[in-house]
Amino acid sequence: MISAADFAALIFHEKQNKLNEDDNMKKLGYVLMVLLEAAALAGAYIINYFTNKKMGMARWVIYKNQGWERDYPMDTLKMAVMAVLILLTILVFLFFLKRKREAGKLLISMNVVMILLTLLYVSYTVISSRETMRAYYFLSLLFGIAAAVQILKTGAAVLMCGKKSDDK
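A brief structural summary. Just so it is clear, the model here is predicted, and its values are computed rather than measured.

**What about the nonpolar core?**
Phase 1 of the analysis: Ranked by size, the top nonpolar core spans 23 residues in total, and within it Tyr121, Leu139 and Phe143 carry the most contacts.
Phase 2 of the analysis: Among the secondary structure elements, those contributing two or more residues to this core are helix 1 (4-53), helix 3 (74-98), helix 4 (105-127) and helix 5 (136-167).
Phase 3 of the analysis: A per-element tally of this core places helix 5 first, with nine residues.
Phase 4 of the analysis: Dropping the residues within four chain positions of it, leucine 139 is found in contact with Ala44, Asn48, Tyr124 and Met133.
Phase 5 of the analysis: Grouped together as the second largest cluster of nonpolar side chains are seven residues, Ala103, Leu107, Met110 and Val158 included.

Below, the structure written as structure tokens:
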């Protein structure tokens, strides 16, 4: 037969293991999102580099651009994605300002990076065009992915920041 103290210790130990597993899953998700963001930015650099240096890559990019323009309303998609990313950035930032007292330096820097990546995407999409950059659609897509991942990371961090202070 198990005593009440042993039973309570067993339940507490199980709860601690569950909390540790949750923290490990959060850390793994964060690391995977950072890797995806870094891969998108590195991919943008690599595609731009090889489009300018290798004729085969430039031809393939031009072929893909023409196919995308033929099959999809690219101007409408650009404007819609810009609007969604700007809206999400503003919402996450406003939610961050609401919980600013609970935020640490990491969360502040995540918000700064989120705003910078969104500005990078919007400015690149507005200033550049397919005529000025061969890999315009590819780079715009990869910058948009990086900005979206950063928005998701920052939004999740802001939400978890509030939950940690509510649990205490």
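**Description of the environment of glutamine 66**
Phase 1 of the analysis: Structurally, the position occupied by glutamine 66 is in helix 2 (residues 55-71).
Phase 2 of the analysis: Classification of glutamine 66 by relative accessible area gives partly exposed; the value is 44%.

**A closer look at the packing of aromatic side chains**
Phase 1 of the analysis: For the structure on display, the rule yields nine aromatic pairs.
Phase 2 of the analysis: A ring pair is formed by tyrosine 45 and tyrosine 49, whose centres lie 6.3 Å apart and whose planes are at 20°; its orientation type is stacked. Here tyrosine 49 and tyrosine 45 lie together in helix 1, a separation of four residues that amounts to about one turn.
Phase 3 of the analysis: In this structure tyrosine 45 comes out as exposed when scored by relative accessible area, which is 59%.
Phase 4 of the analysis: When its relative accessible area of 38% is taken as the criterion, tyrosine 49 is described as partly exposed.
Phase 5 of the analysis: Site record: aromatic cluster; members linked through ring pairs are Trp60, Trp68, Tyr124, Tyr136, Tyr137, Phe138 and Phe143.

**Details of helix 4**
Phase 1 of the analysis: Between its first and last C-alpha atoms helix 4 spans 32 Å; for 23 residues at 1.5 Å apiece the expected length is 33 Å, and the two agree.
Phase 2 of the analysis: For helix 4, every residue scored as buried is listed here: Leu107, Met110, Asn111, Met114, Leu117, Thr118, Tyr121, Val122, Tyr124 and Thr125.

Criteria and thresholds
Residues numbered from 1 in each chain as written. Predicted model: local features only at pLDDT ≥ 70, side-chain atom pairs only at ≥ 80, totals over all residues. Heavy atoms only, no water. Core = buried A, V, L, I, M, F, W, Y, C linked by side-chain atoms within 4.5 Å. Buried < 20%, exposed > 50% of the residue type's maximum accessible area, 1.4 Å probe, protein only. Helix = DSSP H or I, 4+ residues; strand = E, 2+ residues; numbered from the N terminus. Contact = heavy atoms within 4.5 Å. Phe/Tyr/Trp six-rings, centres within 6.5 Å; stacked < 30°, edge-to-face > 60°. Expected span 1.5 Å × (residues − 1).

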